[in-house]
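# Examination of the molecular architecture
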Amino acid sequence: MVDTARRDTEREGVEGGIGRTALLVAASRAIETHRHDSLARDPYAEHFVRAAPASADWPVRIHEVPDGDANPLWGRFARYFGLRTRVLDDHLLRSVHTGALRQVVLLGAGLDARAFRLDWPPGCVIFEIDRQGVLDFKHGVLDGLSATPRATRVPVPIDLRADWVGALTDAGFDRTAPTVWLAEGLLFYLPITAERYLIDTVDRLSPRGSTLAYEVKLEKDLLAYRDSPLYTSTERQIGIDLLHLFDGGPRPDSAGDLEGRGWSTSVHTPFDFTHRHGRGPLPEPNDALEGNRWVFADKTRP
Ligand code: SAM
């Protein structure tokens, strides 16, 4: 049963609520794209930012930010998203180029333009799940640019708190094919029941050989970081109160759950990848990134 509040957020696009976080990530990718030492390039990102009234005046180059890299939001936080984009680009490409995986599902796809910008092998199908309003906005911008996907791309407009399996299956998802699943910047917005359902569903729909990458926050008390410069500058500069948007309830141990279901998992801090790439955020006091973990799971047993 869909209540009124849920119906409203299902319709919501990128202008309000959680949808605006997709614009935040897009602006960060735009800034990253134009850095001389960029970790990831997304030529579509700045077009999303410019097209939405909510973000039209946000910076898309670091030199447009008066205090540049010293700015907690457009410096350190944007670099975090740049690093995350690069690491997950590499992960997806490794999965499709070294394995036989040809089916990809982007959960909470937002303004992810990977279907348009990465080098996919022939035969790849990419399903993008997000809410209708977000996908409508995305299509408006991409159509305006005459952008052409580099794989078969299938949008699936559905709320992940609803029964999204039916929508995915109706869209042509093949449950016998090993799948690459990605939940980038998503799970902390979902209630515990939706995260449990998502992990359970991904497992049910994943034959051996499937992979899942996702991001979690491990803090026991998110509010302990309420004064973190990342949160306060994001709210002050662009009016997004991330702590208000995150689900405040207890989080499940999804990595442990997956291990019990025949997946092998590896859990990393973002800082592991900062060291690997020689650039990206490093730990600092009162750090809202302290609990962030990037989890990579492979289904090794049926
Ligand atoms: N994964 C994308 C990326 O990294 O560019 C988008 C990340 S953005 C921070 C979070 C996305 O999750 C938004 O596009 C939002 O609409 C989507 N999202 C959050 N809750 C959702 C829900 N209940 N159902 C579907 N999508 C949801």
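Residues numbered from 1 in each chain as written. Predicted model: local features only at pLDDT ≥ 70, side-chain atom pairs only at ≥ 80, totals over all residues. Heavy atoms only, no water.

## Quick word on the packing of helix α4 (residues 72-98) against helix α9 (residues 229-238)
Direction vectors running N to C along α4 and α9 enclose 125 degrees, while the axes themselves pass 9 Å from each other. In terms of orientation, α4 and α9 fall into the oblique class. In terms of crossing hand, the pair formed by α4 and α9 is left-handed. Every residue of α9 that contacts α4 at Pro 72, Leu 73, Trp 74, Arg 76 and Phe 77 is listed here: Pro 229, Leu 230, Ser 233, Thr 234, Gln 237 and Ile 238. Its residues placed into classes, the contact of α4 with α9 shows seven nonpolar, three polar and one charged. (Axes fitted to C-alpha atoms, helices over the stretch in contact; angles between N-to-C directions. Helix = DSSP H or I, 4+ residues; strand = E, 2+ residues; numbered from the N terminus. Parallel < 35°, antiparallel > 145°, perpendicular 65-115°, else oblique. Left-handed = near helix turned anticlockwise from the far one by under 90°. Contact = heavy atoms within 4.5 Å. Nonpolar A, V, L, I, M, F, W, Y, C, P; charged D, E, K, R; others polar.)

## Quick notes on the pairing of strand β2 (residues 125-130)
Counting buried residues in β2 gives five out of six residues, a clear majority hidden from the surface. Here five bridges tie strand β1 (residues 103-107) to β2, and the two strands are oriented parallel to one another. What sits directly across from Leu 106, in β2, is Glu 128. Note that β2 and strand β3 (residues 152-157) share six bridges and pair parallel. Each residue of the ladder has a partner; that of Asp 130, found in β3, is Pro 157. This β-α-β element, β2 to helix α6 (residues 132-144) to β3, shows right-handed connectivity. (Buried < 20%, exposed > 50% of the residue type's maximum accessible area, 1.4 Å probe, protein only. Pairing = 2+ DSSP bridges. Right-handed = clockwise from strand over helix to strand, strands pointing away.)

## As for the packing of α4 against helix α12 (residues 270-277)
Look at α4 against α12: their axes get within 10 Å of each other, and the N-to-C directions meet at 80 degrees. Taken as axis vectors, α4 and α12 run roughly perpendicular relative to one another. The segment α4 lies against α12, with Arg 76, Tyr 80, Leu 83, Arg 86, Val 87 and Asp 90 engaging Pro 270, Phe 271, Phe 273, Thr 274 and His 277.

## Looking at the layout of surface pockets
One number sums up the size of the largest pocket: a volume of about 750 Å³. Contributing to the lining of the largest pocket are 47 residues, with Ile 18, Thr 21, Gly 185, Leu 186 and Tyr 189 lying nearest its centre. At the level of elements, α2 (19-33), α4, β1, β5 (211-217), α9 and α10 (242-245) are the ones that each hand at least two residues to the lining of the largest pocket. Of the residues forming the lining of the largest pocket, the biggest block, six residues, is contributed by α2. Among the residues making up the lining of the largest pocket, the classes are represented as 27 nonpolar, eight polar and twelve charged. If you add up the space inside the second largest pocket, you get close to 470 Å³. In terms of lining residues, the second largest pocket is bounded by 26 residues, among which Lys 217, Leu 218, Glu 219, Arg 251 and Pro 252 are the most central. Mapped by element, the contributors of at least two residues to the lining of the second largest pocket are β5, α11 (254-260) and β7 (292-299). (1 Å grid on protein atoms, 1.4 Å probe; cavity = no way out; pocket = protein on both sides within 12 Å on 5 of 7 lines; lining within 4 Å. Points joined across faces, edges and corners; volume = space filled by probe spheres on them.)

As far as function goes, none of this settles anything; it's purely spatial.
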